[in-house]
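# Structural overview for review
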Amino acid sequence: MDALMNARFPHLTRLSIALVAMLTLCQCSLLDRVVNSSAVIYALPPQEKLPSLLSNPEKLTPAGSVITFPPNRFLLTSRQRAQLQTLGEQWKEAAPQLLIAGFARRGTPSGYARSLSQRRAESVRQVFIEQGIDAAHLHSTGYGHDQPGLSSEDTVKIYIAR
């Protein structure tokens, strides 16, 4: 059948191959843009009674300053990176267990707030990993605004676990 089609319509075979190749390239390009886009934030599903690593505050010591983000943003500025690198230098040798907790302001939809705060915590964690701190010592969690009394702003807080 293919031989008959090629004999009767040779231009259709070349055209269909070109069309398939073009669609494949466009699809990959579009997927790359979506997957690699730093602007895409997926909402997490509703979650009742989110478990908290902060439930034993006596085992955690606040470390360093609080990193504050503009609303709906999770990328670090160069100033924030420099601040984190200074903190990371102190922990490179000591290698403490760190909890990096992300938060989002109240009024943000819960699923989106948890996802956004998780990305914030991950961006801080990544700076420490790039500095050579063992990733096994870095625990990041996005709490959104599900931890009453801890934070109602767009922040990341770092705790040292004892």
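Everything numeric in this text was worked out from a predicted model, so none of it was measured. (Residues numbered from 1 in each chain as written. Predicted model: local features only at pLDDT ≥ 70, side-chain atom pairs only at ≥ 80, totals over all residues. Heavy atoms only, no water.)

### Focus: the overall build of the protein
A count of helices and strands for the protein gives four helices and five strands. Taken from the N to the C terminus, the helices and strands of the protein come in the order α-α-β-β-α-β-α-β-β. Among the 162 residues that make up the protein, the fraction classed as buried is 33%. Taking as baseline every contact in the protein between residues at least 6 positions apart, the subset at least 24 positions apart corresponds to 83%. Surface exposure of the protein reaches about 10200 Å², of which carbon and sulfur atoms provide 60%. (Helix = DSSP H or I, 4+ residues; strand = E, 2+ residues; numbered from the N terminus. Buried < 20%, exposed > 50% of the residue type's maximum accessible area, 1.4 Å probe, protein only. Contact = heavy atoms within 4.5 Å. Areas by Shrake-Rupley, 256 points an atom, 1.4 Å probe, with all protein chains shown as cover.)

### Here's the deal with helix 3 (residues 78–94)
For helix 3, which comprises 17 residues, the first-to-last C-alpha distance of 25 Å matches the rise-based estimate of 24 Å (1.5 Å per residue) to within 8%. The axis of helix 3 is deflected most strongly, by about 30 degrees, at Gly88. Of all the residues in helix 3, the buried ones are Gln80, Leu84, Leu87, Gly88 and Trp91. Looking at the packing, one finds that the buried side of helix 3 touches strand 2 (67–68), strand 3 (97–102), helix 4 (110–130) and strand 5 (155–161). (Expected span 1.5 Å × (residues − 1). Bend = angle between axes of the 7 residues up to and from the residue.)

### A word on the packing of aromatic side chains
With the rule as written, the count across this model stands at two aromatic pairs. The interplanar angle of 75 degrees and the centroid separation of 5.5 Å between the aromatic rings of Trp91 and Phe128 together place this pair among those described as edge-to-face. Pair noted here: Trp91 is in helix 3 and Phe128 is in helix 4, with a separation of 37 residues, a long-range link. Of the two residues examined, Trp91 and Phe128, each falls in the buried class. When the centroid spacing of 5.8 Å and the interplanar angle of 25 degrees are considered together, the rings of Phe103 and Tyr143 count as stacked. Note that Phe103 is positioned in the loop between strand 3 and helix 4 and Tyr143 in the loop between strand 4 (138–142) and strand 5, a separation of 40 residues in sequence. Under the relative-accessibility criterion, Tyr143 is labelled buried at 0%. Over the ring of Phe103 we find Lys157; its NZ or CZ atom is 5.7 Å from the centre of that ring. (Phe/Tyr/Trp six-rings, centres within 6.5 Å; stacked < 30°, edge-to-face > 60°. Lys NZ or Arg CZ within 6 Å of the ring centre and 35° of its normal.)

### Section: the nonpolar core
In this structure, Leu76, Leu84, Trp91, Ile100, Val124, Phe128 and Ile158 are the most contacted members of the largest nonpolar core, which totals 17 residues. Taken together, the elements giving at least two residues each to this core come down to helix 3, strand 3, helix 4 and strand 5. In terms of residues, this core owes the most to one element, helix 4, which gives four residues. Residues within four places of Leu84 in sequence aside, it is in contact with Ile67, Leu76, Val124, Val127, Phe128, Gln131 and Ile158. Within the second largest apolar cluster, six residues are counted, among which are Leu60, Leu99, Phe103 and Tyr143. (Core = buried A, V, L, I, M, F, W, Y, C linked by side-chain atoms within 4.5 Å.)

### Observations concerning the side chain of Ser140
Within the secondary structure layout, Ser140 lies in strand 4. Looking at Ser140, its side chain comes within polar contact range of the side chain of Glu122, at 2.4 Å. Ignoring any residue separated from it by four or fewer positions in sequence, one finds Ser140 in contact with Ile100, Gln118, Ala121, Glu122 and Arg125. (Polar contact = N/O pair within 3.5 Å; in protein donor to acceptor, adjacent residues only side chain to side chain.)

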